[in-house]
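Topology and contacts: notes
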Amino acid sequence: MTERTTYLLVDGENIDATLGQSVLGRRPEPHERPRWNVLLDHAEQEWQQPVKGLFFLAVQETLPMSFVQALLAMGYTPVPLQGEGKVVDIAIQRTADALRDRDADVMLVSHDSDFAPQMTALADGSRRVGIVGFAEFMASSLRAVPGVESFDLEYDVLAFKSRLPRVRIIPIDEFDPALFL
């Protein structure tokens, strides 16, 4: 019997855009981007099984080789896509559909409501389904998927080297006044 796997589907463009536009208000510097290796480790530790990380990215004329090589070195499988329309969304949707036929768990790293139908279909009770991102920017349709587990990229995954300038609802059990003083 083969060991169960978690498929980590990363919508890098969505995370980068949300980080830049909604959190920082500008294009993120390289040191401000998530530590993608930490995300892989978190997924493996959280669900206690091997993780296959698929990192979807749209490319123009040339492959961003330094980034692709970095992804490979971290253990991701880069999925560079080219074409008309939202190629990353289309590829993630097709991948999620294909995963319905596999005995595997799925974590989606995106805030995009376009994936709600696929995530709902995956949440059939036979697998674990998770979403990862910034909680305050997560599409309500993703949060509403029955049984979905949510992980905050900064606070749960600890994917950033320093605190981000976020305004979020703080559960009172997590409130630390020192952060505001």
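All chains use their own residue numbering, which begins from 1 and follows the written sequence. For this predicted model, a pLDDT threshold of at least 70 governs which residues receive local features, and a threshold of 80 or more governs which side-chain atom pairs are given and counted, while totals over whole chains, interfaces and linings are taken from all residues. Only heavy atoms go into the side-chain values, all of them from the structure, while hydrogens and water stay out.

This paragraph deals with the pairing of strand β3 (residues 76-81). Pairing analysis gives six bridges linking strand β2 (residues 51-58) to β3, with the strands arranged parallel. Paired with F55 across the two strands is P78, which belongs to β3. Two strands pair if DSSP finds at least two bridges between them. In this description a helix means any DSSP run of H or I spanning at least four residues, a strand means any run of E spanning at least two, and both kinds are numbered starting from the N terminus.

Attention shifts here to the nonpolar core. Buried Ala, Val, Leu, Ile, Met, Phe, Trp, Tyr and Cys residues that are joined via side-chain atoms within 4.5 Å together make up what is termed a nonpolar core. Three exposure classes are used, based on accessible area relative to the maximum for each residue type with a 1.4 Å probe and protein chains only: buried under 20%, partly exposed in between, and exposed over 50%. Counting residues in each nonpolar core, the largest one holds 28 residues, and the members touching the most others are L8, L39, Y76 and L153. Contributions of two or more residues to this core are made by β1 (5-11), α1 (12-24), α2 (36-47), β2 and β4 (104-109). The leading source of residues in this core is α2, at six residues. Should any heavy atoms of two residues lie within 4.5 Å, those residues are considered in contact. Those residues in contact with L39, other than ones at most four positions away along the chain, are L8, V10, Y76, V109, V132, L153 and V157. Counting 27 residues, the second largest nonpolar core, distinct from the first, contains L99, L108, A116 and I131.

Now for the sheet that holds strand β5 (residues 129-133). Strand pairing in a sheet relies on backbone hydrogen bonds. The paired strands run either parallel or antiparallel. The strand order across the open sheet formed by six strands is β3-β2-β1-β4-β5-β6, and the pairing between neighbours is parallel. At either margin of the open sheet sits one strand with a lone partner, and together these are β3 and β6 (149-152). Shown here is a sheet whose adjacent strand axes are inclined to one another by a mean of 20 degrees, direction ignored. Examined bridge by bridge, β4 and β5 share four bridges and lie parallel to one another. Within the sheet, the bridge partner assigned to V106 lies in β5 and is V129. For helices, the axis comes from a line fit to the C-alpha atoms of the stretch in contact; other axes are also lines fit to C-alpha atoms, and the angle between any two N-to-C directions lies between 0 and 180 degrees. Against the sheet, α2 touches β1, β2, β3, β4, β5 and β6, its axis set at about 145 degrees to β4.

When we look at a pair of aromatic rings, we describe it by the centre distance and by the angle of the planes. Paired rings are identified among Phe, Tyr and Trp, the last through its six-membered ring, by centres lying within 6.5 Å, and are further divided according to the angle between planes into stacked (under 30 degrees), edge-to-face (over 60) and tilted (the rest). Counting across every chain of the model gives five aromatic pairs. Taking the centre distance of 6.3 Å and the plane angle of 70 degrees together, the rings of W47 and F151 count as edge-to-face. With a gap of 104 residues between them, W47 in helix α2 and F151 in strand β6 connect regions that are remote in the sequence. Overall, W47 belongs to the buried group, its relative accessible area being 4%. You can call F151 buried: its relative accessible area is 8%. Aromatic side chains F55 and F67 sit 5.4 Å apart centroid to centroid with 75 degrees between the ring planes, which places their arrangement in the edge-to-face category. Of this pair, F55 sits in strand β2 while F67 is found in helix α3 (residues 65-74), placing the two residues 12 residues apart along the sequence.

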